[in-house]
Amino acid sequence: MNAFAVRVARPDDYDAIAAVADDWWGRSIGAALPRLFLDHFCASSRVIEDDHGLAAFLVAFPSPSRPHVAYIHFVGVRPDQRGFGLARHLYEDFFHRARAVGCREVHAITGPGNIDSIAFHRRLGFAVDGPLPDYNGPGRPMAIFRRLLADDSYSPFPKD
């Protein structure tokens, strides 16, 4: 049986992630995830490992400029582990941790042609805006995701 371990990311996870990123995406994406993200945002990022090594990762952080917003920069799941809820687990864990530090919403972006990412974010309750032309520079439109975070203390059920 394949056992999973979720842990806080470390700067030295970068090499393992960079080594598989292009293969996992089926195209060159390494430039979108420079080492600085794990050097400076590892405490808010997560790695999932299994018997075969790196199974999934999430690079995310509360915004230092917008205290009520958190941002998910990158999520990756090894192709043989897709469809089992690892990305959803990483997102939901991050939602909980973001709420705990006072964030009220989570943002993310993707290219407008990334229909799988757009569908995934919609399933998780993100609103999708755009594509916004020139968002990432001239000729580089992006789809923008926003999701409000529910207050953990709220429950529609009466307390006993």
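Every value quoted in this text rests on a predicted model; they were computed, and no experiment measured them.

### What to know about the confidence of the model for the chain
Inference 1: In this model, the chain carries a mean pLDDT of 91, and residues with pLDDT of at least 70 account for 93%.
Inference 2: This stretch, residues 153-160, has a pLDDT under 50; its non-local contacts, to residues over four places away or in other chains, come to one contact.

### Re the packing of aromatic side chains
Inference 1: Inspection of every chain in the model, using the stated rule, returns 13 aromatic pairs.
Inference 2: When the centroid spacing of 4.0 Å and the interplanar angle of 20° are considered together, the rings of Phe41 and Phe61 count as stacked. Taken as a pair, Phe41 in helix α2 (residues 36-41) and Phe61 in strand β3 (residues 53-62) lie far apart in primary sequence, 20 residues in all.
Inference 3: Judged by its relative accessible area of 9%, Phe61 is buried.
Inference 4: Consider the rings of Tyr91 and Phe126, whose centres lie 6.1 Å apart with planes at 80°: the pair is edge-to-face.

### Considerations on the sheet that holds strand β7 (residues 142-148)
Inference 1: One open sheet holds the seven strands; their spatial order is β1-β2-β3-β4-β5-β7-β6, and the pairing between them is mixed. Whereas interior strands pair on both sides, the edge strands pair on one side only; in this sheet they are β1 (5-8) and β6 (127-132). The average undirected angle you get between the axes of adjacent strands in this sheet is 25°.
Inference 2: Relative to β3, strand β2 (residues 46-50) runs antiparallel, the two being bridged by five bridges. Paired with Ile48 across the bridge in β3 is Ala56.
Inference 3: Packed onto the sheet, helix α4 (residues 115-123) meets β5 (105-110), β6 and β7 and runs at close to 15° relative to β7.

### With respect to the pattern of salt bridges
Inference 1: Inspection of the entire model under this criterion finds eleven salt bridges.
Inference 2: With its nearest N and O atoms 2.5 Å apart, the salt bridge here joins Arg78 to Asp80.
Inference 3: The exposure class assigned to Arg78 is buried, which follows from its relative accessible area of 11%.
Inference 4: Look at Asp80 and you get partly exposed, because its relative accessible area is 46%.

Cut-offs and rules
Residues numbered from 1 in each chain as written. Predicted model: local features only at pLDDT ≥ 70, side-chain atom pairs only at ≥ 80, totals over all residues. Heavy atoms only, no water. pLDDT = per-residue confidence, 0-100. Contact = heavy atoms within 4.5 Å. Phe/Tyr/Trp six-rings, centres within 6.5 Å; stacked < 30°, edge-to-face > 60°. Helix = DSSP H or I, 4+ residues; strand = E, 2+ residues; numbered from the N terminus. Buried < 20%, exposed > 50% of the residue type's maximum accessible area, 1.4 Å probe, protein only. Pairing = 2+ DSSP bridges. Axes fitted to C-alpha atoms, helices over the stretch in contact; angles between N-to-C directions. Salt bridge = Lys/Arg side-chain N within 4 Å of Asp/Glu carboxyl O.

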